[in-house]
Amino acid sequence: MELGSPKGLTKQLVEDISRRKNEPEWMLKYRLEAFEVFSKTPLPKWGDDLSEIDFKDLCYYVKPKDKIKTSWEAEKDSFGGTGAQFESEVIYHSLQKELAEKGVIFESTESALQKYPEIFKKHFGTVVPLNDNKFAALNSAAWSGGSFVYIPKNTKVDLPLQAYFRINTQKMGQFERTLIIADEGAQVHYMEGCTAYSCPTESLHAAVVEIIAKKGAKIQYTTIQNWSKNIYNLVTKRAHAHKDAHVSWLDCNLGSKLTMKYPAIFLKETGASGEIQSLAFAGKGQHQDAGAKIFHMAPKTTSKIVSKSISKDGGKNTYRGVLKVDKGCKGTKSHVSCNALLLDNKSISNTYPLIRVEEDEVSVAHEATVSRIEESQLFYLMSRGLSKEEAVSSIVNGFANPIIKQLPMDYALELNRLLELEIE
Amino acid sequence: MLKISNLQARTTKEKQSILKGIDLSVKSGEIHAIMGPNGSGKSTLCKTLMGHPRYEVTGGSAKFNGEDLLKISPDKRAKLGIFLGFQNPVEVPGVTLGSFLRISKNTRTKESTNPVKFFKEVETVAKNLKIKPSFLDHSLNEGSSGGEKKRAEILQMSILKPKLIILDEIDSGLDIDALKTVAKEINRFFKENSPAIILVTHYQRILNHISPHFVHIMSEGRIIKSGGVKLAEKLEKEGYKNFIK
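Along every chain, residues carry numbers that run from 1 in the direction the sequence is written. Here every chain gets a letter starting at A, and every ligand a number starting at 1, in the order they are written. Per-residue local features of the predicted model are confined to residues with pLDDT of at least 70, and side-chain atom pairs are confined, for both listing and counting, to 80 or more; whole-chain, interface and lining totals are unaffected and use all residues. Working from all heavy atoms in the structure, the side-chain values ignore hydrogens and water.

Novice: What's the story with the sheet that holds strand β10 (residues 196–201) of chain B in this structure? I'm lost.
Specialist: Sheet strands pair via backbone hydrogen bonds, and the direction of the pair is either parallel or antiparallel. Residue and element names in this part refer to chain B. Here we have 6 strands laid out as an open sheet, ordered β6-β9-β10-β3-β11-β12, and mixed in their pairing. Among the strands making up the open sheet, the edge pair consists of β6 (82–85) and β12 (222–227). Shown here is a sheet whose adjacent strand axes are inclined to one another by a mean of 20 degrees, direction ignored. Of the pairings in the sheet, the one linking strand β11 (residues 214–219) to β12 comprises 5 bridges and is antiparallel in character. In the sheet register, Ser219 faces β12, and the bridge partner there is Arg222. The sheet strands contacting helix α7 (residues 229–238) are β3 (31–35), β11 and β12, and the helix crosses β11 at an angle near 45 degrees. Pairing between two strands requires that DSSP report at least two bridges joining them. A run of H or I in DSSP becomes a helix once it reaches four residues, and a run of E becomes a strand once it reaches two; helices and strands are each numbered from the N terminus. Axis definition: a line fitted to C-alpha atoms, limited for helices to the stretch in contact. Angles are taken between N-to-C directions and run from 0 to 180 degrees. Contacts: residue pairs with any heavy atoms within 4.5 Å of one another.

The following block contains the structure:
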């Protein structure tokens, strides 16, 4: 069997992907409809220039090679559940036996479609419709891999479930699709790490993540994105929070050439709450166009947005946020804070917060700061024996710490190390 | 230990001359108080000795155990054993006092310090200074009161164990109880380690708690009079006006 698909996305290829995955008829139809939408939808006119992406020159489906699988298994993480995506398919999942016995499902998205067709069909595409935007449509047509998580009622998963995604092939598009459902009163923390090593040519990552937190459920979704610096990272992430549910996105973006990603939470029922915290680093040639969207659609819903960005060597960070409170959502509370740190005069930080409140009895606050490393701070730290580089690194770590300290220890250490490498 | 000869310095940006020829020798086991009115150049002297980029040296020399201080960066001066206690300690959000103590301590020892022993020591000194243990988890100087900042400076001093200590108006912003606490810790450290101390102050008040061996009066960028502890008492009675022409 051939390993890769021909370049370019066509109707035939969409059919081929679906057939290879042995999918039910409805999924094939879904993919084809999405392909139509993708083909018709123009590139977004806002954000950054996407015209350099040559959709015809990309490879849309690659089956992972066995060799890679072995090397990954050797370094697989020993705690929590781990899924690793090489190229397009998740090839390793380990789930603690006791979790499986509780009815927890943690599978690659395609195997979940085979094994749990009812629950899959009921939820798939209900949070991010296929016509949401061009890249969501592309993902809906070409998706491969990603994780499917289902946590049964009142079940709490203590350790984070982890997935690891990686792009290894040149001009390989990656379109993983993740769907997480926490049933009533369930709790889960899902973590994803993304890296791509020394890709000599530009590549595209267009994932879709859908999250559903039912009554009283709690979901945290953590991302550490460190794609290589020629990847377009155009991701749609969205969550529905039902009555008294809590959803939290923790989104760290260090890599990619251009990221356009705005994790969203729909607070759909009374008492729901949401949190979107992000940390972005943009160095030379990078643009992190990231942000957060919160929609208060019911009374007594609360939300918090914390965005922190670091720009260096001409790197550009954009915060693009939407905070919307519908009429009748009395007792809503929201706090938005955006802090940017510029490490030199060439670097750029933009903030576009959109706040629309249609109800009076609410408390909404927004604050934004832009700061630079001050001479007095450097001198102070150096007077204690830190070299200039160590002093800068301390200040940057201090700035990022409110986000980083929320990560599990080994991720926090890794992120600190990555930041230090970027700042050197 | 420290030998300053005809040291001259100006502001780097505005080229405004501030130090106009300072001569000062300080040995281990000596406490020198430098007093003077506002704008006499006391703080500039402190910052110039530590290498603040806001000031540039235009003449003279400053040697520490024979090594030319003026040629090396502030971190290298710190590693030689020089410590500056700041008049206005700088806020560094997100960096906790505890972790910063460890980072700066590790810059001067090759092998990293035993963490248990280290925190034991930090705890002891913090107790001497009436610093609550929870304060160590607080961001460096962020949102701290003047008194808390000054106590944190002295905590850093005691932990880093410098050979030459320059304290720039360590008494400002301290109430009388805090002043006594801080002075007690400085005296303890001095007694146990016999460093050289340069104590820069506007007021005689702190000298009731820390006895200097030498007192120098600064005015307009120069030391205009030096003497023993009696000089400070005379200054307290007569004010600066009798010393400044």
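Novice: I tried to follow the packing of aromatic side chains on my own but got confused; where do I start?
Specialist: Residues and elements named next belong to chain A. Note on ring pairs: Phe, Tyr and Trp rings are taken, using the six-membered ring of Trp, and paired if centres are within 6.5 Å. Classes follow the plane angle, with under 30 degrees stacked, over 60 edge-to-face and the rest tilted. What the rule picks out here adds up to 18 aromatic pairs over all chains. Ring geometry for Phe38 against Phe55: centres 5.4 Å apart, planes inclined by 75 degrees, an arrangement best described as edge-to-face. Placement of Phe38 in helix α2 (residues 25–40) and of Phe55 in the loop between α2 and α3 (66–75) is noted, with a sequence separation of 17 residues between them. Ring centres 5.4 Å apart and planes at 5 degrees place the aromatic pair Tyr60 and Phe175 in the stacked group. Note that Tyr60 is positioned in the loop between α2 and α3 and Phe175 in the loop between β5 (161–167) and β6 (177–182), a separation of 115 residues in sequence. The buried label applies to any residue whose accessible area, calculated with a 1.4 Å probe on protein chains only, is under 20% of its type's maximum; exposed applies above 50%, and partly exposed to all values in between. Under the relative-accessibility criterion, Tyr60 is labelled buried at 1%. Judged by its relative accessible area of 2%, Phe175 falls in the buried class. Feature note: the residues Trp26, Tyr30, Phe120, Phe124, Trp143 and Phe148 constitute an aromatic cluster, connected by ring pairs.

Novice: I keep staring at empty space enclosed by the protein and nothing clicks. Help me out?
Specialist: Where empty space is left in the structure can be found by rolling a water-sized probe over the atoms. All names here are of chain A. A 1.4 Å probe that fits into a set of points on a 1 Å grid over the protein atoms alone but cannot get out defines a cavity; an open set with protein on both sides within 12 Å along at least five of seven lines defines a pocket, and lining residues are those with an atom within 4 Å of a point. Grid points are joined across faces, edges and corners, and a volume is the space filled by probe spheres set on the points. Applying the stated criterion across every chain, the model contains 3 cavities of 30 Å³ or more. Counted as a void, the largest cavity has a volume near 150 Å³. Within the residue set of the lining of the largest cavity, elements represented by two or more residues are β15 (273–282), β16 (287–296), β17 (302–311), β18 (316–325), β19 (332–342), β20 (348–357) and β21 (362–372). Just so you know the grouping, Ala, Val, Leu, Ile, Met, Phe, Trp, Tyr, Cys and Pro go in nonpolar, Asp, Glu, Lys and Arg go in charged, and all remaining residues, Gly too, go in polar. Taken together, the residues of the lining of the largest cavity sort by class into 7 nonpolar, 12 polar and 1 charged. Space inside the second largest cavity adds up to approximately 50 Å³. Lining the second largest cavity are Glu176, Glu192, Cys194, His205, Ala207, Val209, Gln225, Asn233, Val235, Lys237 and Lys261.

Novice: How do you make sense of the interface of chain B and chain A when you look at a structure like this?
Specialist: By a frequent convention, interface size equals the accessible area lost on bringing the separate parts together. If you look at the interface, chain B gives 32 residues, while chain A gives 18 residues. Together, the buried faces of chain B and chain A total about 1,900 Å²; carbon and sulfur atoms form 67% of this surface. It is Asp75(B), Val90(B) and Phe100(B) that lose the most area in chain B upon contact with chain A, and together they represent 24% of the buried surface on that side. Salt-bridge detection follows one rule: a side-chain nitrogen of Lys or Arg within 4 Å of a carboxyl oxygen of Asp or Glu. The tally of links between chain B and chain A comes to 1 salt bridge. Once two parts are joined, some of their accessible surface, as seen by a 1.4 Å probe, is lost; buried area is that loss totalled over both.

Novice: What should I look at first to understand the side chain of Ser40(B) in this one?
Specialist: Residue and element names in this part refer to chain B. The residue Ser40 is located in the loop between β3 and α1 (42–50) in this model. Given a relative accessible area of 2%, Ser40 falls into the buried group. Throughout this description, a polar contact denotes any pair of N or O atoms lying within 3.5 Å of each other; where both atoms belong to protein, one of them has to be capable of donating a hydrogen while the other can accept it, and for residues adjacent in sequence the pair is counted only when both atoms sit in side chains. From its side chain, Ser40 meets the backbone oxygen of Pro37 in a polar contact 2.8 Å long. Beyond its immediate sequence surroundings of up to four residues, Ser40 is in contact with Met218, Ser219, Glu220 and Gly221.

Novice: For this particular structure, what's the right way to read unusual backbone geometry?
Specialist: Excluding glycine, most residues fall at negative phi; most peptide bonds, likewise, are trans. All names here are of chain A. Residue Asn154 is not a glycine yet carries a positive backbone phi of 55 degrees. In this structure, Asn154 sits in the loop between β4 (147–151) and β5. In this model, Asp244 sits at a positive phi of 55 degrees, which is unusual for a non-glycine residue. With respect to the helices and strands, the residue Asp244 is situated in the loop between β11 (231–241) and β12 (246–253). Residue Asp244 is classed as partly exposed on the basis of its relative accessible area, which comes to 42%.

Novice: What am I meant to see in the pairing of β12(A) here?
Specialist: A regular strand places its side chains on the two faces of the sheet in alternate fashion. Residue and element names in this part refer to chain A. With 7 of 8 residues buried, β12 lies mostly within the body of the structure. With 8 bridges connecting them, strand β10 (residues 218–226) and β12 associate as parallel partners. Across the sheet, the residue bridging to Gln220 is Ser248, located in β12. Bridging between β12 and β15 involves 8 bridges; their strand directions are parallel. Within the sheet, the bridge partner assigned to Trp249 lies in β15 and is Ile276.

Novice: What's the story with the pattern of salt bridges in this structure? I'm lost.
Specialist: It is possible for side chains bearing opposite charge to pair when their charged atoms get close. Residue and element names in this part refer to chain A. Tallied over the entire structure, the rule returns 30 salt bridges over all chains. Among the ionic pairs, Asp326 bridges to Lys324, the shortest N-O distance being 3.5 Å. On the basis of relative accessibility, which here comes to 23%, the residue Lys324 falls in the partly exposed class. Here Glu361 makes a salt bridge to Lys330, at a shortest N to O gap of 3.7 Å.

Novice: What is the right way to read a nonpolar patch on the surface from this model?
Specialist: A contiguous nonpolar surface patch, about 180 Å² in accessible area, is contributed by Ile355(A), Val357(A) and Val364(A). For Val357(A), a relative accessible area of 33% corresponds to the partly exposed category. Think of a patch as exposed residues, more than 30% relative accessible area, with no salt bridge, where like charges cluster within 9 Å and nonpolar side chains (Val, Leu, Ile, Met, Phe, Trp, Tyr) cluster within 5 Å. Computed with the Shrake-Rupley method and a 1.4 Å probe, the accessible areas treat only the protein chains shown as cover for residues.

Novice: Honestly, the packing of helix α1 (residues 11–20) of chain A against α2(A) in this entry has me stumped. Any pointers?
Specialist: Between two packed helices, both the angle of their axes relative to each other and the distance between the axes serve to describe the pair. Residues and elements named next belong to chain A. The contact between α1 and α2 brings their axes to 10 Å, and the two run at 155 degrees. As judged from the angle between their axes, α1 and α2 are roughly antiparallel. Here α1 runs over α2; the crossing is right-handed. Two secondary-structure elements touch here, α1 through Lys11, Val14, Glu15, Ile17 and Ser18 and α2 through Leu28, Arg31, Leu32 and Phe35. Its residues placed into classes, the contact of α1 with α2 shows 5 nonpolar, 1 polar and 3 charged. In these notes the angle categories are as follows: under 35 degrees is roughly parallel, over 145 is roughly antiparallel, 65 to 115 is roughly perpendicular, and the rest is oblique. A crossing counts as left-handed when the near helix is turned anticlockwise from the far one by less than a right angle, and as right-handed when that turn is clockwise.

Novice: I tried to follow the pairing of β3(B) on my own but got confused; where do I start?
Specialist: Residues and elements named next belong to chain B. Burial runs high along β3: 5 of the 5 residues are buried. Going residue by residue along β3, you find Ile31, Ala33 and Met35 tucked away on one face and His32 and Ile34 tucked away on the opposite face as well. The pairing of β3 with β10 spans 5 bridges and is parallel. From the neighbouring strand, Ile31 faces β10, where its bridge partner is Ile197. Of the pairings in the sheet, the one linking β3 to β11 comprises 4 bridges and is parallel in character. Residue pairing across strands places His32 opposite Phe214, the latter belonging to β11.

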